[in-house]
Amino acid sequence: MRACSALSKLIRGLGVAAALVATAAPGLAHAASDYPSKPIRIVVPYAPGGAVDIVTRLVAQKMGESLKQSIIVDNRPGGATNIGMDLVARAPADGYTLLTASNSLASNGALFTKLNFDPSKDLLPVGAIGYAPLVVVVSSSSQFKTLQNLIDYGKANPDKLTYASAGNGSSGHLASELLKDEGKFNALHVPYKGGAPAITDLLGGRIDFMSINPVEAIPHIKADKMRPLAVMDSKPAAMLPNVPTVSSLGLGGAAASVWWGFCAPKGTPDDVVAKLNEALNQALADENVKTRLSELGAVATPGSTADFTKFVQDETAKWSRVIKNANIKAD
């Protein structure tokens, strides 16, 4: 009798447990399908008004429409983007805090020896937004009419040629080092505290060349104050169709761009990442978004999470090599 009683209690206990699981499972499924149920925050690790901020707000608006939820852009500049990246890396992995990632995601791990987070492990790629190839430019009054002129001068005068950047480890700095390596010439790096003062000295003839974001270059090119020597891509730029590419000049290894994409904290559920990626691709398919990106000199690159993950891995390997070979240190 005791055995039968014990067995009966065990069966009843298992029944209660099964009932609890049965009631819990629909709740979990509902929570997953209910995402997003509150506003999403996108952290931009740059000041308002710059290219990254503009691109983020453009895409976020359309994503919000698709997800039927508000998306708030939160600018957190400083620390060479490490402040914003660290904030997202430490955020709850629930899909409600995202990062607009850019080139620094692939370079800061090699530039900085002491970070509170690991860019390659603590931030999960969601999807790519797009890219804009950098442009090698000189002042319109410069003696250099072609990229080959500049390279030849750098080889013949290794201590005289100079180039500017927005700071150590910036995209323009790394791209120019890559160009030097590919073209086998020398030039002295002159870092500035931002792109604006660097451009001022370039236009004034105090600096020889820069590798620059087309968003910053095109207004000066149209005003005939700046001369583009090459687009750092394998394909011609839509807004600079007559400017040769580095690939067409036999320097394909010098391709470099500024790029953007979204990341989430590691551990964010796969179904949430998939939903965000789908909304991002829908936004990039919008004709108004594509037109606006093109006006900024950018190319939209919709794709899967796996595509963006592979891209970030390749960029990290590429720029880590450049940083090591050129012995570049962060400010």
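Here we summarise the structure given alongside this text. Keep in mind it's a predicted model, so treat the numbers as computed, not measured. Residue numbers restart at each chain and count upward from 1, following the sequence in its written direction. In keeping with the model being predicted, local features are shown solely for residues with a pLDDT of at least 70 and side-chain atom pairs are shown and tallied solely at 80 or more, while totals for entire chains, interfaces and linings include all residues. Note: side-chain values were computed over all heavy atoms of the structure, leaving out hydrogens and water.

**Topic: the overall build of the protein chain**
At step 1: When helices and strands are counted, the protein chain shows 12 helices and 11 strands.
At step 2: With the C-alpha coordinates aligned to their principal axes, the bounding extent of the protein chain is approximately 105 × 40 × 30 Å.
At step 3: For the protein chain, with 331 residues in total, the buried portion stands at 46%.
At step 4: Counting contacts in the protein chain only where the partners sit at least 6 residues apart, residues at least 24 apart contribute 78% of the total.
At step 5: Counting every atom, the protein chain has about 15700 Å² of accessible surface; 56% of that belongs to carbon and sulfur.
At step 6: The positive count covers Lys and Arg only, the negative count covers Asp and Glu only, and His and the chain ends enter neither. One atom stands in for each charge, and that atom is NZ of Lys, CZ of Arg, CG of Asp or CD of Glu. The averaged location of the 28 negative side-chain charges in the protein chain is 5 Å from the averaged location of its 32 positive side-chain charges. Note on conventions: DSSP H or I runs of at least 4 residues are helices, E runs of at least 2 residues are strands, and numbering of each starts at the N terminus. Using a 1.4 Å probe on the protein chains alone, a residue whose accessible area is under 20% of its type maximum counts as buried, one over 50% counts as exposed, and one in between counts as partly exposed. Contacts: residue pairs with any heavy atoms within 4.5 Å of one another. For every accessible area listed, the method is Shrake-Rupley and the probe measures 1.4 Å; residues are considered covered only by the protein chains on display.

**Let's talk about the pairing of strand β5 (residues 135–139)**
At step 1: Counting buried positions along β5 yields five of five residues, so the element is predominantly enclosed.
At step 2: The pairing criterion for strands is at least two bridges between them, as found by DSSP. Bridge count for β5 against strand β8 (residues 209–212) is three bridges, and the pairing is antiparallel. Its bridge partner lying in β8, Val 135 is registered against Ile 212.
At step 3: Sheet analysis places β5 next to strand β9 (residues 226–231), joined by five bridges and oriented antiparallel. Residue pairing in the sheet places Val 138 in a bridge with Arg 227 of β9.

**A closer look at the sheet that holds strand β4 (residues 123–133)**
At step 1: If you walk across this open sheet you meet the six strands as β2-β1-β3-β10-β4-β11, and the pairing is mixed. Each having just a single partner strand, β2 (71–75) and β11 (299–300) make up the two edges of the open sheet.
At step 2: Summarising the sheet, strand β1 (residues 40–44) and β2 pair through five bridges and their orientation is parallel. Considered in β2, the bridge of Arg 41 is made with Ile 72.
At step 3: Whenever a helix is involved, its axis is fitted only over the stretch in contact; in every case the axis is a line through C-alpha atoms, and angles between N-to-C directions fall within 0 to 180 degrees. Against the sheet, helix α3 (residues 82–89) contacts β1, β3 (97–101), β4 and β10 (257–265), and its axis sits at roughly 145° relative to β3.

**Quick word on the sheet that holds β9**
At step 1: The five strands lie next to each other as β7-β6-β8-β5-β9, forming an open sheet whose pairing is mixed. Each of the sheet's edge strands pairs with one partner strand only, and the pair in question is β7 (188–191) and β9. Within the sheet, the average angular offset between the axes of one strand and its neighbour, ignoring direction, is 30°.
At step 2: Each of β5, β6 (162–165), β7 and β8 is contacted by helix α7 (residues 171–183), which is oriented at about 150° to β6, the strand it contacts most.
At step 3: The strands touched by helix α9 (residues 214–222) are β5, β8 and β9; relative to β9, the strand with the most contacts, the crossing angle is about 135°.

**Description of unusual backbone geometry**
At step 1: That bond from Tyr 35 to Pro 36 is cis: its omega, -5°, falls within 30 degrees of zero.
At step 2: Topologically, Pro 36 is positioned in the loop between α1 (2–33) and β1.
At step 3: Not every positive phi belongs to a glycine, and Ala 80 is a case in point at roughly 55°.
At step 4: Note on placement: Ala 80 falls in the loop between β2 and α3.
At step 5: Here the phi dihedral of Thr 81 falls at roughly 75°; this positive angle occurs in a residue that is not glycine.

**What to know about the side chain of Thr 97**
At step 1: With respect to the element layout, Thr 97 can be found in strand β3.
At step 2: Given a relative accessible area of 7%, Thr 97 falls into the buried group.
At step 3: Here Thr 97 is in contact with Arg 41, Val 43, Val 88, Ala 91, Ala 264 and Pro 265, once residues within four sequence places are set aside.

**Section: the packing of aromatic side chains**
At step 1: Working definition: a ring pair exists when centres of Phe, Tyr or Trp rings (six-membered ring for Trp) sit within 6.5 Å. Plane angles under 30 degrees give stacked, over 60 give edge-to-face, the rest tilted. A complete count under the given rule lists seven aromatic pairs for this structure.
At step 2: A centroid spacing of 5.1 Å and a plane angle of 65° characterise the contact between Tyr 35 and Tyr 96, whose relative ring orientation is edge-to-face. In this pair, Tyr 35 sits in the loop between α1 and β1 while Tyr 96 sits in the loop between α3 and β3, placing the two residues 61 residues apart along the sequence. As far as burial versus exposure is concerned, Tyr 35 and Tyr 96 are alike and both buried.
At step 3: Considering the side-chain rings of Phe 185 and Phe 209, the 6.4 Å spacing of their centres and the 55° angle between planes classify their relative orientation as tilted.

**Focus on the layout of surface pockets**
At step 1: A cavity here means a set of 1 Å grid points, computed over protein atoms only, where a 1.4 Å probe fits but cannot escape. A pocket is an open set with protein on both sides within 12 Å along at least 5 of 7 lines, and lining residues have an atom within 4 Å of a point. Grid points are joined across faces, edges and corners, and a volume is the space filled by probe spheres set on the points. Put simply, the largest pocket is a space of about 1200 Å³.
At step 2: Tyr 46, Ala 166, Ser 170, Ser 171 and Gly 195 are, among the 45 residues lining the largest pocket, the residues nearest its centre.
At step 3: Broken down by secondary-structure element, the contributors of at least two residues to the lining of the largest pocket are α2 (51–67), α4 (104–111), β6, α7, β8, α9 and β10.
At step 4: The element contributing the most residues to the lining of the largest pocket is α4, with four residues.

**Overview of the pattern of salt bridges**
At step 1: The rule for a salt bridge is simple: a side-chain nitrogen of Lys or Arg has to be within 4 Å of a carboxyl oxygen of Asp or Glu. All told, the structure shown has 12 salt bridges when counted by the stated rule.
At step 2: Between Asp 74 and Arg 41 there is a salt bridge, with the nearest N and O atoms lying 3.1 Å from each other. Of this pair, Asp 74 sits in strand β2 while Arg 41 sits in strand β1, and the two are 33 residues apart along the sequence.
At step 3: A salt bridge links Asp 314 to Lys 310; the nearest nitrogen and oxygen atoms lie 2.8 Å apart. Linking Asp 314 with Lys 310, this pair stays in helix α12 (residues 305–325), spanning four residues, or about one helical turn.
At step 4: A network of salt bridges, in which partner residues are shared, links Arg 41, Asp 74 and Arg 76.

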